Number of protein chains: 2
Amino acid sequence: MRDVAIIGVGMNKWGELWQKPLRDIFVESALLAIEDSGVDHIDSMYVGCMSSGIFVGQEHLGSLLADYLGVNPIPCTRIESACASGGAAVRMGFMDVASGMSDIVLVGGVEKMTDVSGGGATYALSTAADQEYEVYHGVTFPGLYALMARSHMHQYGTSREQLAQVAVKNHENGSKNPLAQYPQKVTVEKVMNSILIADPLRILDCSPITDGAACAILCPAEMAKKLSKKPPVKIIASGHATDTIALHSRKDFTTLNATVKAAEKAYKMANLKPEDINLAEVHDCFTIAEIIVIEDLGFVKKGEGGKATESGMTALDGKIPVNTSGGLKSKGHPVGATGVGQLIEIVHQLRGEAGQRQVKDAKIGLTQNMGGSGGSTVVHIMQAM
Amino acid sequence: MRDVAIIGVGMNKWGELWQKPLRDIFVESALLAIEDSGVDHIDSMYVGCMSSGIFVGQEHLGSLLADYLGVNPIPCTRIESACASGGAAVRMGFMDVASGMSDIVLVGGVEKMTDVSGGGATYALSTAADQEYEVYHGVTFPGLYALMARSHMHQYGTSREQLAQVAVKNHENGSKNPLAQYPQKVTVEKVMNSILIADPLRILDCSPITDGAACAILCPAEMAKKLSKKPPVKIIASGHATDTIALHSRKDFTTLNATVKAAEKAYKMANLKPEDINLAEVHDCFTIAEIIVIEDLGFVKKGEGGKATESGMTALDGKIPVNTSGGLKSKGHPVGATGVGQLIEIVHQLRGEAGQRQVKDAKIGLTQNMGGSGGSTVVHIMQAM
């Protein structure tokens, strides 16, 4: 198995891009990644996208996006794992290079979620849950994560204020990210007084609806220094795991088994422990998700995610900065692109080009990208070369 | 790169399975493949599916199907490449094993197309074309393939009768396949007098709307003989290529460049020529498609596909039998499953268990699976071990 490096990254400013179709949003980011890497061609492509069929009436993104990027006839495949589609696309590119099938691979993600037909974003997103046993009965994602939040508050005494602290921290980080959709800072009071969505979650506990794309260029590590204009970053582990699609099938709502298992695999592959990680981008689709995930990744003990957030442990200057990009909360959450966006933040940090949000001496970073109510999780660990 | 073998295959009878949800259709086939192989566990899964979001309001099949097969937390990813989704899923499983990431991988495909909501199959299938520049103006797939048929008839003198011969041959083969949706034999007269869909294509030139699934178990070739109950089959090449998504962007409607390029790659990887192939399963979504594809695969010269079909060259007892399973035409076309179904026919033939439709001395078989109007094509070549 060949070692794999990231030699270029690119993403456009995320937001409500009403004037841009999906194909343009993707191609913009892809060109930025190609330019950033300096490569003169690519051998294959993987594109994460959750639900372009429902959102914009367009499946077959493999053909569409290779075509509009001007690179057909190279192979291009669309990868879907709900909100973990981007992370799953990175994993496919990783295997493509690792196996020796391709040398220079573009991995990307895209979602066009605003100004679309197809029943609206809440319906489209609900297709990541169990349609027949959850959605049919009226459950949507804020409701599912609200159940997790209530359970965590009940079992571990996590407070409403601690949930809000996740949003405060991530918007503080996002205010330093020029590509973030909502760079506005928020306060605990503002989060706690925002509109109630699904008790206890309020609108400022929820990640937004976003149009956006993100791309990265991978190649064999041994070719990276020769090909790359900038310091390459090695992908030292890729872990992927699943859980029951329906929340009601799980024994415990306060832990996400796919995250636990994907992280176990990734740590084993990288031969590292949680304490070796310098910073992480995690899937804060709702504030409670970040609290549960930092526990399941082993950064803190089970039940202590809220307290750790409150203490500043996961802040930019904390022991393990989490979501320095602003996370899904502030940077935005174009679902298929999110996993690749996380990778981009880690690359910027490991290259030392994260500007005002730079983490000092960042050498090893982790991404955790999940789909549905945690039914799929992809974890990658990256190291500066 | 490790060599990869197929050690088990399984598919249920395809048709209008109104009483079965998507998850049951898939799990039935997956269990048949696992049983056929004799393995006691699987390490990861890839599921090809084109449009479950539109058809049944369900994305995130990775989590759903690993869950319902009872194998979570193993990684499971849904792969989409329109009607080439199944072939693309096989390719991902091939890379997973080849790279050394996983040993025992289930690759499958599924589509639930009948008794569904979501605007009907014609709308859902149209999302494989260019939504903004083709579909919006009213084009659907029978229309696109009718343009190719007219062009081929004009340039090469291909006759209406020759188109019909493809259907006659494939239904003849399908009549020998107990799993085929439409095993009825048809005559040239019957095809030519069937309802006109998009001139010159009639309904018996078109593949049907189908519910179905197909699965296969892959492992490293070196482990295959030890693990497998039956003779293993080696995947000696995987080629994938794209073309413009819109038909109107192509210089010539009588050739499918993605098929030409994917086949070139596959022949090179296998170190074989078209004349080395003993039999092939090709993507006869419409009769004209088979004629163009057998030319683009190099089995006959450009323009001679119609004549070759008429002469019996591609019949069960011909020089190069094509679509011995009945093809999409007779066996059915559950779009995400089709590419894996093709693989299954080749495995049965190379194992010598194809019964009444067995090709004598079959040693090397090829599958060609395409999406849209040929915007994506995946070609695999298999050899008896």
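The rules behind each value
Residues numbered from 1 in each chain as written. Chains lettered and ligands numbered in written order. Predicted model: local features only at pLDDT ≥ 70, side-chain atom pairs only at ≥ 80, totals over all residues. Helix = DSSP H or I, 4+ residues; strand = E, 2+ residues; numbered from the N terminus. Rg over C-alpha atoms; globule rule 2.2 N^0.38 Å. Buried ≥ 20, exposed ≤ 12 C-beta atoms within 10 Å, placed from the backbone. Contact = placed C-beta atoms within 7 Å. Domains from an automatic or database assignment. Nonpolar A, V, L, I, M, F, W, Y, C, P; charged D, E, K, R; others polar. Expected span 1.5 Å × (residues − 1). pLDDT = per-residue confidence, 0-100. Least-squares fit on C-alpha atoms with pLDDT ≥ 70 in both. Pairing = 2+ DSSP bridges. Axes fitted to C-alpha atoms, helices over the stretch in contact; angles between N-to-C directions. Parallel < 35°, antiparallel > 145°, perpendicular 65-115°, else oblique. Left-handed = near helix turned anticlockwise from the far one by under 90°.

Our focus in this paragraph is the overall build of chain A. Of the regular secondary structure elements, chain A holds 14 helices and 11 strands. Expected size for 385 residues packed as a compact globule is a radius of gyration near 21 Å; at 19 Å, chain A falls within 12% of this value. Summarising its shape, the C-alpha atoms of chain A cover approximately 55 × 45 × 35 Å along the three principal directions. Residue burial in chain A is summarised as follows: out of 385 residues, 68% are buried. For chain A, the proportion of contacts with a sequence separation of at least 24, taken over those separated by at least 6, is 78%.

Quick look at the domain arrangement of chain A now. All names here are of chain A. Looking at chain A, the domain boundaries give domain 1 (4-119 + 210-233) and domain 2 (121-207 + 236-384). On the side of domain 2, 38 residues touch domain 1, which itself brings 42 residues to the contact. Of all the secondary structure elements, the ones that give two or more residues to the side of domain 1 that touches domain 2 are strand E1 (4-11), helix H2 (52-56), helix H4 (85-99), strand E4 (105-111) and strand E7 (212-220). Looking at the side of domain 1 that touches domain 2 element by element, the count peaks at 8 residues for H4. Taken together, the residues of the side of domain 1 that touches domain 2 sort by class into 24 nonpolar, 13 polar and 5 charged.

Residue and element names in this part refer to chain B. Over its 15 residues, helix H4 (residues 85-99) extends 21 Å from the first C-alpha to the last, a length consistent with the 21 Å expected when each residue adds 1.5 Å. Burial analysis of H4 places 15 of its 15 residues in the buried class, the great majority of the element. Gly100 lies just past H4 and shows a positive phi near 95°.

Let us look at the confidence of the model for chain A. Summary statistics for chain A give a mean pLDDT of 97 and a share of 99% for residues scoring 70 or more. We note a pTM of 0.98 for the whole complex and an ipTM of 0.97 for its interfaces.

Both copies of the chain are related by a screw-like operation: a rotation about an axis and a shift along it. Taken as rigid bodies, chain A and chain B are interconverted by a rotation of 180° and an axial shift of 0.0 Å, the fit giving an RMSD of 0.0 Å. Classification of the inter-copy transformation places it as that of a two-fold axis. Within chain A, the C-alpha atom positioned nearest to the axis of rotation is that of Ser99(A), 1.9 Å from it. A shared interface surface links the copies, since 100% of the contact residues of chain A are contact residues in chain B too.

Next up on the list: helix H7 (residues 160-174) of chain A. Residues and elements named next belong to chain A. With 15 residues, H7 should cover 21 Å at 1.5 Å per step; its first-to-last C-alpha distance of 22 Å lies within 8% of that length. With 12 of 15 residues buried, H7 is to be regarded as a mostly interior element. Listing the buried residues of H7 in full gives Gln162, Leu163, Ala164, Gln165, Val166, Ala167, Val168, Lys169, Asn170, His171, Asn173 and Gly174. For H7, the elements touching its buried residues are helix H6 (141-156), helix H8 (188-192), helix H11 (287-296), helix H12 (305-311) and helix H13 (327-331).

Moving on, we get to the pairing of E4(A). All names here are of chain A. Counting buried positions along E4 yields 7 of 7 residues, so the element is predominantly enclosed. Both faces of E4 are covered, namely the face carrying Val105, Val107, Gly109 and Glu111 and the face carrying Leu106, Gly108 and Val110. Sheet topology note: the strand E2 (residues 44-48)/E4 ladder contains 5 bridges and is parallel. Residue Tyr46 lies in a different strand from E4, and its bridge partner there is Val107.

Inspection of the secondary structure puts Asp243(A) in the loop between strand E8 (233-242) and helix H10 (257-270). Residue Asp243(A) is classed as buried on the basis of its C-beta count, with 29 C-beta atoms lying within 10 Å. Separated by 14 residues in the primary sequence, Asp243(A) and Asn257(A) place their C-alpha atoms 6.2 Å from one another. Not counting chain neighbours up to four residues away, the residues in contact with Asp243(A) comprise Arg250(A), Leu256(A), Asn257(A), Ala258(A), Gly374(A), Gly375(A), Ser63(B), Asn72(B) and Pro73(B).

Contact with chain A, which involves 53 residues of that partner, is made by 53 residues of chain B. For the side of chain A that touches chain B, the element with the most residues is H4(A), which contributes 6 residues. Grouping the amino acids of the side of chain A that touches chain B by side-chain chemistry returns 22 nonpolar, 22 polar and 9 charged. By the bridge criterion, 3 bridges tie strand E3 (residues 76-80) of chain A to strand E3 (residues 76-80) of chain B in an arrangement that is antiparallel. Paired with Arg78(A) across the two strands is Glu80(B), which belongs to E3(B).

To continue, consider the packing of H4(A) against helix H14 (residues 338-351) of chain A. All names here are of chain A. The geometry of H4 relative to H14 is characterised by a closest axis approach of 5 Å and an angle of 70° between their N-to-C directions. In terms of orientation, H4 lies roughly perpendicular with respect to H14. Every residue of H14 that contacts H4 at Ser85, Gly86, Gly87, Ala89 and Val90 is listed here: Thr338, Gly339, Val340, Gly341 and Leu343. Residues belonging to the contact of H4 with H14 are distributed by class as follows: 4 nonpolar, 6 polar and no charged.

For the rest of this paragraph, the subject is the packing of helix H6 (residues 141-156) of chain B against helix H11 (residues 287-296) of chain B. Residues and elements named next belong to chain B. Two elements in contact, H6 and H11, have axes separated by 9 Å at closest approach and are oriented at 55°. Compared by their axis directions, H6 and H11 come out oblique. Both H6 and H11 take part in a crossing whose hand is left-handed. Residues Tyr145, Met148, Ala149 and His152 of H6 form the contact with H11, whose own contacting residues are Ile288, Ala289, Ile291 and Ile292. Grouping the amino acids of the contact of H6 with H11 by side-chain chemistry returns 7 nonpolar, 1 polar and no charged.

Here we take up the pairing of E3(B). All names here are of chain B. For E3, the buried fraction is high: 5 of the 5 residues fall into the buried class. Burial of E3 is two-sided: the residues Cys76, Arg78 and Glu80 facing one way and the residues Thr77 and Ile79 facing the other way are all buried. As paired strands, strand E2 (residues 44-48) and E3 are joined by 4 bridges and run parallel to one another. Bridging from a neighbouring strand, Gly48 pairs with Ile79 of E3.

To continue, consider the environment of Leu279(A). Within the element layout of this structure, Leu279(A) appears in strand E9 (residues 279-281). For Leu279(A), the contacting residues outside a window of four places in its chain are Ile320(A), Pro321(A), Thr324(A), Gln349(A), Val359(A), Ala362(A) and Gly365(A).

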